[in-house]
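Each chain, written out:
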Amino acid sequence: MAFSRISKLDPPSRGIFRKAAVMLCCLLTSLFLLHCLAERCSTTSPSPVRASSGRAAGLLEDLRSLRTKRLVYEWTSGSELGGYGGRVLELPEESLILPPLDLVASRKVSPRFAGKLSPLGEGSKKLPQALIIGVKKGGTRALLEFLRVHPDIRAVGAEPHFFDRNYENGLEWYRELMPKTLEGQITMEKTPSYFVTREAPARISAMSRDTKLIVVVRDPVTRAISDYTQTLSKKPDIPSFENLTFKNRTTGLIDTSWSAIQIGIYAKHLDNWLQYFPMDQILFVSGERLISDPAGELGRVQDFLGLKRIITDKHFYFNQTKGFPCLKKAEGSSKPHCLGKTKGRTHPNIDPEVVQRLRDFYRPFNMKFYQMTGRFFGWDD
């Protein structure tokens, strides 16, 4: 009886074992197929862009695993890298450059890569790292035009007057005035009135204590006459230079409230700047040598800015009519370039006695300025 009961249970037990074996085989087959599929995908195409913080590393690993030795990448006409609409670039694996992930996914350049894509990138706007802060009628326009020849300098053409007239507009307004630059390029601007603006040093220091400052100085007597000549061209009915120079012509007391005279007291203005910037962050360029030896002065400026000496004698020729050097090729042009008609005006004849009185007035200030800067400019010879 017992044996018969066991016999009746045997058939169902064997059926269960058979079903379990079939399910196990199916499971193993499925796992094998999934494994093969994964292996095939990993050797024929890059994996999807990862969303984690390691996206770049993952994509780079996938790209390097390509066995085809090339990357086929299509640039659309709408790309900010521009100019490769419809083109397909084929690059060997050993020369692959990982493109921005946003560009891979959407064929558009993310703004966060602006300024980091060179040379095809358009760059980004930055606050200036160097400023030409003065002085008026010293040769600042010439210096700026000469410097713009250098490929690592991008400068604003017009004078922003931010730190003296437009400071309330804020730094973002100021930044928007700047040209776009790539990594390694220097952003510059020039506003000669900064040097004599009392608030300018503190404001520039608040922007960045590392800002490099350039001051173009010139014989203060000649500079004053040039300043007057410019004003005279706009206002022909102003008093004579002699009358404006003195508070009282009889006593010979110089009127230091007249801006044409005041600007030339360089030592006084420099004292204000040294409260916020060390002397080694300020470079003084000779306006006279900028005419007689432009390449030499430009060499000093390039060294000061930490740039390779690219601007040399080969970039200049002397214009006999104007009486100062011009560029053989200006920035973005293949033609010679001289400064405009407003530069190099003929000065009016000034009473020699007045000129001598001014030289005597400036002499002690000049001597102090020579001591402060450690450079002799020769204005009292």
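Residues numbered from 1 in each chain as written. Predicted model: local features only at pLDDT ≥ 70, side-chain atom pairs only at ≥ 80, totals over all residues. Heavy atoms only, no water.

1. So, the pairing of strand E7 (residues 186–190)
As a reminder, the rule being used: Only protein chains enter the accessibility calculation, which uses a 1.4 Å probe; a residue whose area is less than 20% of its type maximum is buried, one above 50% is exposed, and one in between is partly exposed. Secondary structure elements follow DSSP: runs of H or I no shorter than four residues count as helices, runs of E no shorter than two count as strands, and numbering proceeds from the N terminus.
By the criterion of burial, E7 is predominantly enclosed, with five of the five residues buried. Of the two faces of E7, the one carrying Ile186, Met188 and Lys190 and the one carrying Thr187 and Glu189 are both buried.

2. Considering the pairing of strand E4 (residues 130–134)
Keep this limit in mind: A pair of strands counts as paired when DSSP detects no fewer than two bridges linking them.
Taken across its five residues, E4 has five buried, putting it largely inside the fold. Relative to E7, E4 is paired through three bridges, and the arrangement is parallel. Paired with Leu131 across the strands is Glu189, a residue of E7.

3. Examining the state of the cysteines
Rules: When the sulfur atoms of two cysteines come within 2.5 Å, that pair is taken as a disulfide.
Inspection of every chain in the model, using the stated rule, returns one disulfide. There is a disulfide in this structure between Cys326 and Cys338, and the S-S distance comes to 1.8 Å. Residues Cys326 and Cys338 share a disulfide whose torsion about the S-S bond is about 105°; that sign makes it right-handed. On the criterion of sequence distance, the pair formed by Cys326 in strand E13 (residues 324–327) and Cys338 in the loop between E13 and helix H13 (352–373) is long-range, its members being twelve residues apart. By relative accessible area, which is 0% here, Cys326 ends up buried.

4. Quick notes on the sheet that holds E7
The following threshold applies: Each axis is a line fitted through C-alpha atoms, taken for helices only over the stretch in contact, and angles between the N-to-C directions span 0 to 180 degrees. Only heavy atoms enter the contact rule, under which two residues are in contact if any of them lie within 4.5 Å.
As summarised here, the arrangement of the five strands in space is E5-E7-E4-E8-E11, forming an open sheet in which the pairing is parallel. Sheet topology places strand E5 (153–155) and strand E11 (282–286) at the edges, where each strand pairs with a single neighbour. Between one strand and the next, the sheet's axes are offset by a mean angle of 25°, whatever the strand orientation. Here four bridges tie E4 to strand E8 (residues 212–217), and the two strands are oriented parallel to one another. Note that in E8 the partner of Ala130 across the bridge is Lys212. In the packing of helix H12 (residues 294–304) onto the sheet, contacts are made with E8 and E11, and the angle to E11 comes to roughly 170°.

5. Examining the pattern of salt bridges
The criterion, for reference: Whenever a carboxyl oxygen of Asp or Glu lies within 4 Å of a side-chain nitrogen of Lys or Arg, that contact is scored as a salt bridge.
The final tally for this structure, using the stated rule, is 17 salt bridges. Note that Lys125 and Glu176 form a salt bridge whose closest N and O atoms lie 3.4 Å from each other. Of this pair, Lys125 sits in strand E3 (residues 124–125) while Glu176 sits in helix H5 (residues 171–177); the two residues are 51 residues apart in sequence, bridging distant segments of the chain. By relative accessible area, which is 28% here, Lys125 ends up partly exposed. Glu176 sits in the partly exposed class, given a relative accessible area of 49%. The partner of Arg175 in a salt bridge is Glu172, with the nearest N and O atoms 3.1 Å apart. Here Arg175 pairs with Glu172, and both are found in helix H5, just three residues apart, close to one helical turn.

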